[in-house]
Each structure stands twice: as structure tokens, then as C-alpha cells.
Amino acid sequence: MFILNVNGKEVQCEQDKSLLSFLRDDLRITSAKDGCSEGACGTCTVLVDGKAVKACVQKASKFVGKKVLTVEGLSEREKEVYEHCFAEAGAVQCGFCIPGMIICAKSLLDVNLAPTIEDVKKAIKGNICRCTGYKKIEEAILMAADFFRDNKPIPVQPKELKMNQHFKRIDAVEKINGTGIYVDDIEMEGMLYAKGVRSKYPRALINKIDISKALAHPDCIRILLKKDVPDNKIGHIKQDWDVMRGEGDITRYVGDVLALVATDKKDKLDEICNLVEIDYTELKPVTTPEDALKYDAPLIHDDGNIMSRAGLVRGDADTAIRNSKYVVTTKYKTSWQEHGFMEPECAIALPEGEDGLLLYTSSQSIYDEQREVSKMLKVEPEKIHVHAALVGGGFGGKEDMSVQQYAALMAWYTKKPVKVKFTRQESLDYHVKRHPMEMEFTMSCDENGYFTGMKGLIIADTGAYASLGGPVLHRACTHAAGPYNFQNIDIYGMSVYTNNVVSGAFRGFGVTQSCFATENNINLLAEKAGISPWEIRHRNAIRPGQTLPNGQIADDSVALAECLEAVKEVYENNPYAGIACGFKNSGTGMGKKDIGRVILSIEEGKVHVRTSASCMGQGIGQMCATILCDVSGIDPAIIVHEHADTERTPNSGTSTASRQTVVTGEATRRVAEKLKIELNKGLTIKDLEGREFYGEYSAQTDPLGAIKENPISHVSYSYGVQVVILNEEGRCEKVVAAYDVGTPVNIQSVEGQIEGGMVMGLGYGMTEEFKCEEGYPKSKLGTIGFMRAPETPELEVKLVKAKGQIPEALGAKGCGELCMIPTAPACSHAYYRLDGKLRTQLPLRDTYYNKKK
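Since the structure is predicted, the reported quantities are computational estimates derived from the model, not experimental observations.

**Q** Quick question: what am I supposed to make of the sheet that holds strand β2 (residues 9-13) here?
**A** Sheet architecture is open: five strands sit in the order β2-β1-β5-β3-β4, paired in mixed fashion. The open sheet is flanked by β2 and β4 (51-54), the only strands paired with a single partner. Taking each pair of neighbouring strands and ignoring which way they run, the sheet shows an average axis angle of 40°. The strands that helix α1 (residues 19-26) touches are β1 (2-6), β2, β3 (45-48) and β5 (67-69); relative to β1, the one it contacts most, it runs at about 80°.

Listed below in C-alpha cells is the structure:
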């Protein structure tokens, strides 16, 4: 036992454990987050005698006699300044990294109230943010320095909120001061802790699972096996993912769960799991699509190794290419990418009512989880009550269930609260990644550089289970020809099972990969035609009234040519600048059900916005509040944005496909119109106490392959251009992005989303590499290559507006995925201009960031 000074108070520590565990588990200080437990991410940062220290890797006893400070211990003045500056700058998205960033800011500003941008970057270099690209965080810290130095008062928040306005996000304050609750911040009396015993091998026959020694451990509460799962097949779209594998089964990847262990002592969980004895016959894994497609390859699933096929055929590509002046054919290869969201996956399930469950989750769709958990347990969906806590980043990586099904299953059997949480390494090893793809693309143009045709073959590695592999492949195919005006297209793709880590949804959703190939081919065509890469794009850029390669007629909300014009000067004035275009659909589209739903309820003088649309940091609450205020004119201060809950919030679908701004945004506009009608009658919010208003919007689109000349595949598209500028050494010095995202909802949020996507795209192109060798993940958080603040180049965002706008959501379009799509090909082109080498593989090889060994 020893005494520590934490936030100015003497506290007693009974057991020597990591400082982070003591703060969180013993003192219930939740601003310090457990993002990695290996000192890599910085979410656990605390101040010790004025210096920023990572609390996860050092024992509490080391801090005897020192003063430990967390965000909770800041003075009231410090809290109000950081709350204002971080919100005003737009520094807060998912929020998981923010308390650690603020502690780093305090360590700097306590000794230097006139810092340079380099000082700020150095102060936060030990902390990772995957949402913002760091720029808004750096601006927030510089702003805070001004407030402290000049003793500035905190401005009053405006009472009017409109689209295309700077405004502090509705969810910012709780994420800044540490009071916002993520799932791992929840503790309950009698909580059990559960964990899956995973396969030792990517592919092996399970001969025997012996749990006798584990059951004999005095702290073991329960062990569940495959036979205990009422319905063992789940899956987000295709139900092919086994909850558990059992004796006689062949494992499909190292993430397969063979036993589920529960204890009431968190620190004994690994010890008990290690007592589960499993006898295997190791088998040779299938680790490439090429091997999986061989005639004698073992079947990973009973229905074959081809998980899905997709294609887009319009016009006569063969004839068009044959008759063209210039033709290029090139093969491209992309690898896995790790999402790197700062909050590792965590879920809590507990009994509710006589025979139901309450599930606390951190995901991208509570109703998907309700559906899948109820299927697994063979109960009515209404028996599974799902409530979303704050979500610490997603980027597509939290669409699939990862820990939720295991918390629910163990709670179902034990009738006690159960928490299942991935360590950072478990998250890296077991959750889905971006699809590796191999592509062969042929593209042609006439003597003036106008595109004439394209053929392409895409082979995607979906890993052991389908996940979102089907729609990812569809998007890779339907967007492969880019945002250009030509119609002779023949694209075919296959998504193939292997024994590798599972590939799933990731920001860009397949378009990131095919865009890399197409944009590089465009540069080669420009070279052949003797025109500049900028000019060939400008000549072919889709314009209102023209037809996209998928057959959809572009409406007057398109501003790709204007985006190109916005970056023309910066591209032409820099000899080592690379350029690339991209576009991305908003909404599920392609004839699929795509519905947004919102309820407004007037409760105690507040307007509650209720929708299940998940916010992983992109700002769903602010989007809804902005549209609601713009339409109805109410004071934003009276809005309460509720967390998604299957008993309180209507189903607004998954937060995927950049759909929520358009689909749920339009549902919000419609319900706001209903509220406005009542207010225009002379009624007040007080008069409407107890009333509810409902809004719904269903996007109408045509299915892929629809027999019509100009199908509507998606209700809207966003467009963008990026220019990546290198210096003579090959270091990226600046990235300029021009984006058509319709009417911006919230300026800081739109810029921040794009900046974060730009940096994530730079990582995908140049610095990040997730390694999976022979089916075994080999990467750690600190070695993947995530960019940190000092490595991040200058970022400039230009928001471009078209002459017209889409009719939905006051003209707003999605930007969360598009923002990283053109980055990697722009990087590739920049290096091509630097040294003349065509790089056809991601991450790019032989660069400033990835030298030949």
C-alpha cells in the first residue's frame, strides 16, 4: 500500500498496478483512456510534475511523491478555455484522443504561452489522432495559448444556427472534459469479464478442446463452447461467420474463437484462457486469392472460395479500345490497411427484464447488432435492447460485430453483466481490414486525350469471412472508371476467401483501390497524348448533363471541373506535385433499401433529436442540429441529441457509404418542417411539451444492371481533387484538396473530416503497412506507420460549390469517405514526376518514407 497525489488529493493505492489501471479502475477517472496499453497512442497521457507521461506502461508506485494531474483536475478557467478552443477550432471528432491531447497542450502552455506551430507539433508527437489530421488540434492549442496569454473571455455561443457556418459541435464539451462515456468507461456491480480463446493457426483441424483445467481454476465462472451457441452463423450481410468453431471443424483464420471464458477478476482472464488445452492438426493455409482459385485448393467455405462477383458493362469497350489512338494496360496491387481507430472494441451485455438483454456497444449500427445478436440467441429482436455509448472512431471497422456477440452470449448464460474488450493487439489481429486488391486495367483515349474505353479485372482478398466484401467489390467496380464522361466500360471483379485476416468496410469502400489504378493509368495516357495530367482530367471531368460511366446522368450539383480549376495554379507551379480525382456515392443506392428516420420529442422544454444514426466522430448530432435549426429557427441551446438506442431512436440504418448526411439529414429536414408548421401557428416549444414529430426519407435508386438507359445508382455523389506536393528529397510538404461536398453543414467539421482523410490517405499511400504473413498478423500499433503531428504536411482545403444542389438535406452531400480516395494516386503521381518511376503497388516503394533495403 502507498499514497499518491492525484488531482490535488491524497489517494491510497492498495496494489501496485499500472498508473492507468489505478486511475480508471480504482479512482474511476475516465478521461485517461486505454487505447493501446503499450505506450504508443497517447490516449492515456497524464501530467506528472508538469510533464506529459503515458500512464499505461508504468507502475503506480513509480509516482509516489509526485503530483499526477488528469483533465478532471484542471482549473475551471483551464477547462472553459480548452472546451471553447477545441470546440471552436473543430478539433473534436470521435474525441477519444482529446483528453490526452489537452494534457500535452497544458504541458506546453504552462511554460510557453507564445508557441510556434513546430512547438505544438512537438508537444503532441507522442499522441495519435486518426480523425482530424492534427491540423484542427494544433489550431486549438494555438488558440488556447492566445486565450490564456491575453486572458480573453469566452464568447457567448450564437442563438442562431444555419448551414455553411462555423459553430461549436453539440458533442464537443463532454469529449473535451472527459465526462463523455465510452463503453469501457462503464462499470457495474457484479461485472464479469470474458474473452475468447482464439485459434493458434490460420488453418487447422480442431481435434479436441479440453477445458477441464480452466474450469478448475478458482476464479473461472463459466466457459462456453460452440455447442452452447443457439445459432452459430452470423454476419453483417452474408451469414457465414461462425460465432465459435468446435471439435472436428477446420479453422479459417487466427481470429476464430474456440472457447469463451468468463471470470469476475479481470486480471485472471488471460491466466484462465491459457489453461484451455486444444489439440490441432495444423494444415497449410490458403493465403492468396491465386492459391484459393486453383482447382485443387481446399474449400474455405462449403459454397466455394469465390465469395462474390461483380461487374459493370456498358457500351462496347473492346471495340472502343481497339479503335483508339492511345492505350495503356497496367497491373496494380494494394495491400491491407488498418483502421487504427483510437478506441479498441468493447461491449457490455447484461440481463434486462425477464428474458431480454441490454447491450452497450460502440459500433456503426445498433439495429444491425440487435438483428445479429437476436439471430444468434434465437430470440425476437425486441428482446435485445441495444444502446450506443460514444464511439471512439470507426472508419468502417466497427460495422461488423467483434466483441458484442460474446458479451451477449456469456450474459445470456450467466445472467450477469459481462464486459468483453479487445486489447489493442487483439484488435489489430482480429478485426477487419481494408481489402487487398490486384487489378489489371486497360484504358484508352483519342488523339485529343478524350477517354474512349476501359476494361478492368479486380481480384479482392476478403479473408476468412464475407464481412462487407460483396458491396466493397461492387463499389470498386462501379467507381473504377472514375468521375469522367465516357461510357464504354467492362469491369469484372471477384472477392475471394483466404485464410488471412478478414477484410471488410473501410473509408473509401473499394473505391480507394480502383481509383489508385485508374488515376495512374490516366497519367500514362496524358503522357502518350502529349497533354498535362491536369488538362486530361479537365477535358474528361464529368459535368452537369453528361453521363457517368455507370450510366447515371450527372445533375447540376456536380462541380468536379470547378475543383480542378481550384487547384490548377498550385499544381502547375510545383514541379513535384501529383494530382488525382475521386468521387464517391452517398447512400447505399443500387436499388437497396436506404431509409433515414428521425423523431423530435419535446421534453422539459428541450427538443430531443432521436435517430439511430451512429456517430463515430463525423458529427451526426451537429448535422441534425444544424438542419433542424436552419429549417425551424429554434435556438440550438435547447437541442438534445440522444445516443442511439433501439427503444428510443428509430432505425436510420448503418453509418456507412457516406449516407447519413444525405439520408438522415433529409429525414431531419422533413421533421423540422413539421415542427416549423406548429411554431408558425404562434405556438412555443413550451406549448408543444410532450409532442412528438416523425420524419422519414427513403432514397429511390435503381439496382445494379437495371435495364434502362440511364439508371440512377445513387441519389448523390461528391467529387474531389487532391494535389500532393513533394520537395526534392521526396518528403511531402503540402497537400491541397478541392472538394465538392454540396452545402457544407458545419465548416469546422467538413474541413476536419477532409483533413483527417487526407492524412489517412497519405498513410495508405506512403507510410502505413499492415503485415499478414502466411495468415499470421505481424503488426503492432507503434510500427504500422501512422503519421504523427510532426510528419504531417501542411494541409489546405478548398470547398467548391456547384451551381445547383441536390434536393435532399438542404444540399449537403457526404464527404467522410471521399476525403481519402484521391490521396494515394496523387502521391504516386508526385513521385513519378520526381524520379520518373511508375509505382504500381501500395504502400509506395522506394520513397522518402519507404526506402529500398
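From this point on, the discussion continues.
**Q** Whenever I open this one, the nonpolar core confuses me. Can you help?
**A** Nonpolar side chains in soluble globular proteins tend to end up buried together. Counting residues in each nonpolar core, the largest one holds 148 residues, and the members touching the most others are F86 and I137. For F86, the residues in contact, after removing those within four places along its chain, are A91, V92, I98, M101, I102, I137, A140, I141 and I176. Listed in part, the 44 residues of the second largest apolar core include L224, V229, F422 and V502.

**Q** Explanation requested: the layout of surface pockets in the structure shown.
**A** In this approach the atoms are scanned with a rolling probe the size of a water molecule, which exposes any empty space left behind. For the largest pocket, the calculated volume is near 1000 Å³. The wall of the largest pocket is formed by 35 residues, among which S21, D25, D34, K266 and D267 lie closest to the centre. Of all the secondary-structure elements, those providing two or more residues to the lining of the largest pocket are α1, β6 (192-198), α8 (269-273), β18 (418-421) and α13 (424-430). Among the elements that line the lining of the largest pocket, the one with the most residues is α1, at four residues. Partitioning the lining of the largest pocket into residue classes produces 10 nonpolar, seven polar and 18 charged. Looking at the second largest pocket, it is lined by 34 residues, and the ones nearest its centre are H236, I237, T588, K593 and T654. Elements supplying a minimum of two residues to the lining of the second largest pocket: β13 (306-314), α11 (366-377), α14 (469-478) and β23 (595-603). Classifying every residue of the lining of the second largest pocket by side-chain character gives 10 nonpolar, 14 polar and 10 charged.

**Q** Looking at this structure, I do not really get helix α12 (residues 404-414). What am I missing?
**A** A turn of α-helix holds 3.6 residues, and therefore any two residues three or four places apart point the same way. Counted residue by residue, α12 has 10 buried out of 11 residues, so it is predominantly covered. For α12, the full list of buried residues reads Q404, Q405, Y406, A407, A408, L409, M410, A411, W412 and T414. Just beyond α12, the residue with positive phi is K415, at close to 60°.

**Q** Even after reading the chapter, I still don't get unusual backbone geometry, so can you show me in this structure?
**A** Generally, phi is negative for residues other than glycine and the peptide bonds are trans, each holding for most cases. With an omega of -5°, the peptide bond running from L842 to P843 counts as cis. With respect to the helices, strands and loops of the structure, P843 is situated in the segment after α21 (823-835). Unlike most non-glycine residues, N164 shows phi in positive territory, near 60°. The topology assignment puts N164 in the loop between α5 (135-150) and α6 (172-176). Since its relative accessible area comes to 45%, N164 is described here as partly exposed.

**Q** Help me out: how do you make sense of empty space enclosed by the protein in this one?
**A** Overall, the coordinates contain 12 cavities of 30 Å³ or more when judged by the stated rule. In this structure, the largest cavity encloses a volume near 570 Å³. Lining the largest cavity are 40 residues; nearest its centre among them are Q618, T661, Q753, C815 and G816. Of all the elements in the fold, those that place two or more residues in the lining of the largest cavity are α18 (620-632), α19 (660-680) and α20 (747-767). The residue makeup of the lining of the largest cavity, split by class, is 15 nonpolar, 20 polar and five charged. Along the walls of the second largest cavity sit 14 residues, with W241, Y253, M401, S402 and Y430 positioned nearest its centre.

**Q** What exactly am I supposed to notice about the pattern of salt bridges here?
**A** If charged atoms from side chains of opposite charge come close, those side chains can pair. Under the counting rule described, the total for this entry stands at 66 salt bridges. With a shortest N-O distance of 2.7 Å, D185 and R24 are connected by a salt bridge. With D185 in the loop between α6 and β6 and R24 in helix α1, this pair connects stretches of sequence that are 161 residues apart. Given a relative accessible area of 6%, R24 falls into the buried group. Of the charged contacts, one joins D242 and R245 as a salt bridge, the two residues approaching to 3.3 Å between their closest N and O atoms. Overall, the relative accessible area of 7% leaves R245 in the buried class. When salt bridges with common partners are traced through the structure, they connect R24, K33, D34, D184, D185, E187, K419 and K421 into a single cluster.

**Q** Explain the environment of V750 here, please?
**A** As for its placement among the helices and strands, V750 is situated in helix α20. Measuring from C-alpha to C-alpha, the distance between V750 and F167 comes to 12 Å, with 583 residues separating the pair along the chain.

**Q** I keep staring at the pairing of β4 and nothing clicks. Help me out?
**A** Looking along a regular strand, one sees side chains alternate from face to face of the sheet. Bridge count for β3 against β4 is four bridges, and the pairing is antiparallel. Paired with T45 across the strands is K54, a residue of β4. The antiparallel hairpin formed by β3 and β4 contains two residues in its connecting segment, where D49 sits at a positive phi of about 50°.

Cut-offs applied
- Residues numbered from 1 in each chain as written.
- Predicted model: local features only at pLDDT ≥ 70, side-chain atom pairs only at ≥ 80, totals over all residues.
- Heavy atoms only, no water.
- Pairing = 2+ DSSP bridges.
- Helix = DSSP H or I, 4+ residues; strand = E, 2+ residues; numbered from the N terminus.
- Axes fitted to C-alpha atoms, helices over the stretch in contact; angles between N-to-C directions.
- Contact = heavy atoms within 4.5 Å.
- Core = buried A, V, L, I, M, F, W, Y, C linked by side-chain atoms within 4.5 Å.
- Buried < 20%, exposed > 50% of the residue type's maximum accessible area, 1.4 Å probe, protein only.
- 1 Å grid on protein atoms, 1.4 Å probe; cavity = no way out; pocket = protein on both sides within 12 Å on 5 of 7 lines; lining within 4 Å.
- Points joined across faces, edges and corners; volume = space filled by probe spheres on them.
- Nonpolar A, V, L, I, M, F, W, Y, C, P; charged D, E, K, R; others polar.
- Salt bridge = Lys/Arg side-chain N within 4 Å of Asp/Glu carboxyl O.

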